[in-house]
Amino acid sequence: MPWPKIYPSIQISMLQAFLKQHGIQADIRSLYVSFADKIGCLKYTNISQAFLLSESVFAVLLYPQMKKDALPALKKNIDKRFNYANLFNQAESFVEETLKKIPFGDYEYVGFSTVFYQLFSSLALAKRIKESYPQIKIVFGGDNCCGEKGSHLMQVYPWIDYIISYEGEYPL
């Protein structure tokens, strides 16, 4: 999910290899590439370097009341060459397009690996998956899920079914 810099996650590839060794097929989707393509790579790179502001782009999908404060902050703190007025709509359409493009109904589990700036984009998509496919189990892992942070995520966002703290190989 957005916002890492444009590099694939080696951790996810290692987890996929581990699962394959145990007879479990897992697909990897590097959705940040699709979002960077949607908004433009230069704009994506500029926003991805602004940690809290990048989170606000998808947070407004969960907390619409934030939009009035998020847009001025983006305009003030990120490269002035870009028009950010449509960014929230692009984030919403990205989530909806992803929901249509990937055959989520074919999966029993959908997992999200989240680091600092990927939390709200992952939560927004996970919520839409759960609304559309309530039978799918939503699993979150990554740095945002370690220790108490993970249990708090499950309390606040009830569409998360499982949290994996620390290395994913052991709980799986």
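Look a little higher up for the structure.
Residues numbered from 1 in each chain as written. Predicted model: local features only at pLDDT ≥ 70, side-chain atom pairs only at ≥ 80, totals over all residues. Heavy atoms only, no water.

K.L.:
How should the pairing of strand β2 (residues 137-141) be read in this particular structure?
P.N.:
Side-chain direction in a regular strand flips from residue to residue, so the side chains alternate between the two faces of the sheet. With four of its five residues buried, β2 lies for the most part within the structure. Two strands pair when backbone bridges link them, and strand β1 (residues 109-113) and β2 are joined in this way by five bridges, in the parallel orientation. Across the sheet, Gly111 pairs through a bridge with Val139, a residue of β2. Regarding the hand of the β-α-β motif, the stretch spanning β1, helix α7 (residues 119-132) and β2 is right-handed. Here β2 runs beside strand β3 (residues 162-164); their pairing, made up of three bridges, is parallel. Its bridge partner lying in β3, Gly141 is registered against Ile164. Between the parallel pair β2 and β3, the chain is carried across by helix α8 (residues 148-156), and the sense of this crossover is right-handed. (Buried < 20%, exposed > 50% of the residue type's maximum accessible area, 1.4 Å probe, protein only. Helix = DSSP H or I, 4+ residues; strand = E, 2+ residues; numbered from the N terminus. Pairing = 2+ DSSP bridges. Right-handed = clockwise from strand over helix to strand, strands pointing away.)

K.L.:
Explain the sheet that holds β3 here, please?
P.N.:
Two strands in a sheet stick together by hydrogen bonds in their backbones, pointing the same way (parallel) or opposite ways (antiparallel). Taken in spatial order, the three strands of this open sheet run β1-β2-β3, and their pairing is parallel. Of all the strands in the sheet, the pair left with one neighbour each is β1 and β3. Strand-to-strand twist across the sheet, computed as the mean angle between neighbouring axes with direction ignored, equals 20°. Sheet strands in contact with α7 are β1 and β2, and its direction is about 170° off that of β2. (Axes fitted to C-alpha atoms, helices over the stretch in contact; angles between N-to-C directions. Contact = heavy atoms within 4.5 Å.)

K.L.:
Explanation requested: the packing of aromatic side chains in the structure shown.
P.N.:
Geometry of an aromatic ring pair is reported as the spacing of the ring centres plus the angle between the planes. This structure, assessed with the given rule, holds eight aromatic pairs. Among the aromatic residues, those joined into a cluster by ring pairs are Phe35, Tyr44, Phe58 and Phe94. (Phe/Tyr/Trp six-rings, centres within 6.5 Å; stacked < 30°, edge-to-face > 60°.)

K.L.:
I tried to follow the environment of Val95 on my own but got confused; where do I start?
P.N.:
Note on placement: Val95 falls in helix α6 (residues 87-101). The buried category is assigned to Val95, whose relative accessible area is 3%. In this structure, the C-alpha to C-alpha distance between Val95 and Phe58, residues 37 residues apart in sequence, is 9.3 Å. When sequence neighbours within four positions are dropped, the list of residues in contact with Val95 reads Phe58, Leu61, Ala124, Leu125 and Arg128.

K.L.:
When you look at the packing of α6 against α7 in this model, what are you seeing that I'm missing?
P.N.:
Helices that pack against each other are described as a pair by the angle of their axes relative to one another and the distance between those axes. At a minimum axis separation of 10 Å, α6 and α7 run at an interaxial angle of 45°. As far as their axial angle goes, α7 and α6 are oblique. Between α6 and α7 lies a crossing whose hand is right-handed. When α6 is examined against α7, the residues Val95, Glu96, Thr98 and Leu99 are found in contact with a partner set consisting of Ala124, Leu125, Arg128, Ile129 and Ser132. Looking at the contact of α6 with α7, its residues break down into five nonpolar, two polar and two charged. (Parallel < 35°, antiparallel > 145°, perpendicular 65-115°, else oblique. Left-handed = near helix turned anticlockwise from the far one by under 90°. Nonpolar A, V, L, I, M, F, W, Y, C, P; charged D, E, K, R; others polar.)

K.L.:
Can you walk me through the packing of helix α2 (residues 31-39) against α6 in this structure?
P.N.:
In the contact formed by α2 and α6, the axes pass within 11 Å of each other and the chain directions differ by 135°. Classified by the interaxial angle, the pair formed by α2 and α6 is oblique. As α2 packs across α6, the resulting crossing turns out to be right-handed. Contacts between α2 and α6 involve Leu31, Ser34, Phe35, Lys38 and Ile39 from the first element and Leu87, Gln90, Ala91, Ser93, Phe94, Glu97, Thr98 and Lys101 from the second. Class assignment of the residues belonging to the contact of α2 with α6 gives a composition of six nonpolar, four polar and three charged.

K.L.:
Where do I start with the nonpolar core in this structure?
P.N.:
Ranked by internal contacts, the top residues of the largest apolar core, which has 44 residues, are Phe112, Leu123, Ile129 and Phe140. Residue assignment for this core shows that the elements contributing at least two residues are α2, α3 (41-48), α4 (51-62), α5 (67-77), α6, β1, α7 and β2. Looking at which element gives the most residues to this core, the answer is α7, with seven residues. Contacts of Phe112, omitting those with residues within four sequence positions, involve Met1, Ser122, Leu125, Ala126, Ile129, Ile138, Val139, Phe140 and Gly141. (Core = buried A, V, L, I, M, F, W, Y, C linked by side-chain atoms within 4.5 Å.)

The values are spatial; any link to function lies outside them.
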